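Observations on chain architecture
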Amino acid sequence: YSPRAAFATQTHEVYLSYGAFGSGALMIEDDVASQAIRYKSMHLAGLSFMEDQHGNVDTLFRLHKQTVRQLAQRFGADRLPAKLRAKLEKTPDE
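Overview of the structure. As the structure is a computational prediction, the values presented were derived from the model and not from experiment.

1. Details of the pattern of salt bridges
For the structure on display, the rule yields two salt bridges. Close ionic contact of Glu29 with Arg74 constitutes a salt bridge, the shortest N to O distance being 3.7 Å. Highlighted residues: Glu29 in strand E1 (residues 26-31) and Arg74 in helix H2 (residues 68-75), separated in sequence by 45 residues. Between Asp93 and Arg69 there is a salt bridge, and its shortest N-O distance comes to 2.9 Å. Taken together, the residues Asp93 in the segment after helix H3 (82-90) and Arg69 in helix H2 connect sequence positions 24 residues apart. Exposure remark for Asp93: the relative accessible area of 52% places this residue in the exposed category.

Definitions and cut-offs
Residues numbered from 1 in each chain as written. Predicted model: local features only at pLDDT ≥ 70, side-chain atom pairs only at ≥ 80, totals over all residues. Heavy atoms only, no water. Salt bridge = Lys/Arg side-chain N within 4 Å of Asp/Glu carboxyl O. Helix = DSSP H or I, 4+ residues; strand = E, 2+ residues; numbered from the N terminus. Buried < 20%, exposed > 50% of the residue type's maximum accessible area, 1.4 Å probe, protein only.

Here it is in structure tokens:
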């Protein structure tokens, strides 16, 4: 267990969501740069659930926006399309 993974704090947030709203979501993603796994509690306002014929959740949609700067950090500025690279120089936080 790595403290940088934030498992304890993020699962606590999910348990609070379960108690308050009856649902919660925990995202698990790899952080290639630091060679770690990261846990993130998902805010329910940005999620949409779909259920199968038995009422079990089988699909989750997530609305998530990132700035151009965040995209460059995640994928590398050289891998962004030219239009986004130009925006990165002018307005990186949009």
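So, next bit.
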